[in-house]
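Residues per chain are reported as follows:
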Amino acid sequence: MAKPYPAITPETAFFWTGGAQGRLRFQRCTACRTYVHPPQPRCTACLGETLEIVDVSGRATVATHTVNMHPWHPDFPPPYVIAIVEIEEAPYVRLTTRIIDCDPAEVTFGLPVRVVFEQQGPAYLPLFAPVRP
Amino acid sequence: MIRKFEDKVRITGIGQSRIGRRLGVDPVGLAIDACIAAMADAGLERADIDGLSSHPGPLTLNGYSGAGIADVERVLRVRPRWFNSGHEFGGQTGALVEAALAVAAGLARHVLVFRCTWESTAQQRQTPAAHGESATAGIEGDFQWMVPFGAFSPANWIALYANLHMHRYGTTREQLGAIAINARANAGRNPAAIFRDPLTMEDYLSARMISTPFGLYDCDVPCDGAVAVIVSAADAARDTRKRPVRIEAVGTRLVEPWSWNNGGLDQLVLARGAAQSLWKRTDLKPADVDVAELYDGFTFNCLSWLELLGFCPIGEGGRFVEGGSRIALDGELPLNTHGGQLSAGRLQGYTFLHEACVQLRGEGGNRQVESAEVAIVSTGGGAPGGAILLTRD
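Residues numbered from 1 in each chain as written. Chains lettered and ligands numbered in written order. Predicted model: local features only at pLDDT ≥ 70, side-chain atom pairs only at ≥ 80, totals over all residues. Heavy atoms only, no water.

- Where an unreviewed UniProt entry is consulted, chain B appears under the name Thiolase family protein, with the organism given as Novosphingobium pokkalii.

- The name that an unreviewed UniProt entry assigns to chain A is Zn-ribbon domain-containing OB-fold protein, with the source organism given as Novosphingobium pokkalii.

Okay, structure coming up:
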């Protein structure tokens, strides 16, 4: 039973494969500079037609989190931390993700984290780890 | 007096199949059982039914849907003048709103609205699950943003909101537990409920954890079963057998982008619009509600609905349910009087609708809420929510 991976389409490939070069990328409207995620055909703020793809720093903060304790899948042994993180450049852009490289008890609301990519099937998943001083 | 479309229709019949764990039977048969029970309840014949409406669509092997319109119509043969199924509407009970709109518009006189699920048997058969466990192709749609990361279940997705609610407002596990314990106490008075033995706070707190802060008893019960209700034109309702139930108002609005990680994150997402729009269609207020049947796929869903619907201020849900006396059968707001999905089984919101009608007709037996005249039903959240206010005719 392989780990599940996202379908990669022409619309989402930049996001799911950017991690191969260590880059976390989002659409951004060239007119009003609103970040748009998940990928859309137009800007969700001004309906602008031109969305460029830009790199972000990969820094984010934990908005909320949960420790999963149930063995849903043999390749995902519990416990592990699932979180929603907010991207530094645009906190309204949120990713549901996993927080790695730490004890689950270390994860708190507002914790600064940075992206760490992990390949899963053809995709590079943006996971996050605590920022260490 | 007709002021809005809701005034043109009545709920004239209700029915359930048997509901249980691992029944191992053809789910379409369960849907037919529920439809036949609802027709008998209303005193209507097959020939009287001229509409069909359902959530979410055709039978699926993961058990989420046990029967769609085509599956039922192959057997029932009512040759509907109007029919409809889907899931892109307000709450699972959006199918009832669609039916009411069709009847009010004159497209049909008596619409059978049904919901069937067979998740319990499907899980036992180990058919391909919804969680992408056997995915040989990539995951599409909304789930691609959660499942590959290990966020497999709504238990994870909704635990994220519950945890933030606790952090912001001081909500406790004991307060969530009051919802589960209340549901179980009511299930003890419902012969059709799945789990009926009393649940103590100690049982609740010591159960294995699923996804913090949710333990086993915060999560509802997959089951097999079906519910049907009949929506009739108000004038046609005069000829049916039972006292009809009025639809006072529906809440259908969507005010947040359709995703599981938007909004304030401390409430059930995609439910706020339904809650707010409901009260704009009626002069009744939360204080007028005699019985509340609020979706409890997880304890927190129910707590969030209490807040979003205005039964208490935002953030106060935990203190509202604490100790359980306010939400008990003899409390000021009896809640999930049949046992909810937490104890009576996950029928995707339709047992709430069924129970609200039971209570408004005074047929609740030893779980009857005294002189229940106004009932509220909410379904969904996460996937868009819906709310329906019902009154005794």
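## Some words on unusual backbone geometry
Phase 1: Cis geometry is found at the peptide bond from His37(A) to Pro38(A), where omega equals -5 degrees.
Phase 2: Structurally, the position occupied by Pro38(A) is in the loop between strand S2 (35-36) and strand S3 (51-56).
Phase 3: At the junction of His55(B) and Pro56(B), the peptide bond is cis and its omega measures out at 0 degrees in the coordinates.
Phase 4: If you trace the backbone, Pro56(B) turns up in the loop between strand S2 (51-54) and helix H2 (69-76). (Helix = DSSP H or I, 4+ residues; strand = E, 2+ residues; numbered from the N terminus.)

## Quick notes on the interface of chain A and chain B
Think of interface size as the accessible area that goes away when the parts come together; that is how it is often given.
Phase 1: Across the contact, 38 residues belong to chain A and 34 residues belong to chain B.
Phase 2: Across the chain A/chain B interface, buried area totals approximately 3000 Å², and carbon plus sulfur atoms make up 64% of it.
Phase 3: It is Trp72(A), Arg94(A) and Thr96(A) in chain A that bury the most area against chain B; as a group they hold 23% of the surface buried on that side.
Phase 4: Our enumeration of links across chain A and chain B arrives at zero salt bridges. (Contact = heavy atoms within 4.5 Å. Buried area = accessible area lost by both parts, 1.4 Å probe. Salt bridge = Lys/Arg side-chain N within 4 Å of Asp/Glu carboxyl O.)

## Observations concerning the sheet that holds strand S1 (residues 9-16) of chain B
All names here are of chain B.
Phase 1: Reading across from one edge, S3-S2-S4-S7-S1-S8-S11-S10-S9 is the order of the nine strands in this open sheet, with mixed pairing throughout. Only two strands of the sheet have a single neighbouring strand rather than two, namely strand S3 (82-85) and strand S9 (291-294). The average angle at which neighbouring strand axes cross in this sheet is 25 degrees, direction not considered.
Phase 2: One ladder, built from two bridges, connects S1 with strand S8 (residues 245-251); its direction is antiparallel. Residue pairing across strands places Ile11 opposite Val245, the latter belonging to S8.
Phase 3: Its contacts with the sheet put helix H9 (residues 299-308) on S9, strand S10 (374-381) and strand S11 (383-392), and the angle it makes with S10 is roughly 125 degrees. (Pairing = 2+ DSSP bridges. Axes fitted to C-alpha atoms, helices over the stretch in contact; angles between N-to-C directions.)

## Here we look at the layout of surface pockets
Phase 1: The calculated volume of the second largest pocket comes to roughly 730 Å³.
Phase 2: Together, 29 residues line the second largest pocket, and His37(A), Pro38(A), Gln40(A), Ser259(B) and Asn261(B) are the ones closest to its centre.
Phase 3: Contributing elements (two or more residues each) for the lining of the second largest pocket: S2 and strand S6 (90-99) of chain A.
Phase 4: When residues of the lining of the second largest pocket are assigned to their parent elements, the largest contribution, five residues, is made by S6(A).
Phase 5: Residue composition of the lining of the second largest pocket, grouped by class: 15 nonpolar, 11 polar and three charged. (1 Å grid on protein atoms, 1.4 Å probe; cavity = no way out; pocket = protein on both sides within 12 Å on 5 of 7 lines; lining within 4 Å. Points joined across faces, edges and corners; volume = space filled by probe spheres on them. Nonpolar A, V, L, I, M, F, W, Y, C, P; charged D, E, K, R; others polar.)

## What about helix H6 (residues 173-187) of chain B?
Phase 1: Between its first and last C-alpha atoms H6(B) spans 21 Å; for 15 residues at 1.5 Å apiece the expected length is 21 Å, and the two agree.
Phase 2: Burial runs high along H6(B): 12 of the 15 residues are buried. (Expected span 1.5 Å × (residues − 1). Buried < 20%, exposed > 50% of the residue type's maximum accessible area, 1.4 Å probe, protein only.)

## A word on the packing of helix H1 (residues 27-42) of chain B against H2(B)
All names here are of chain B.
Phase 1: Where H1 meets H2, the axes come as close as 10 Å, and the angle between the chain directions of the two elements is 65 degrees. Classified by the angle between their axes, H1 and H2 sit roughly perpendicular to one another. The two elements H1 and H2 meet at a crossing, and its hand is right-handed. Within the contact between the two elements, H1 uses Val28, Ala31, Ile32, Cys35 and Met39 and H2 uses Asp71, Val72, Val75 and Leu76. (Parallel < 35°, antiparallel > 145°, perpendicular 65-115°, else oblique. Left-handed = near helix turned anticlockwise from the far one by under 90°.)

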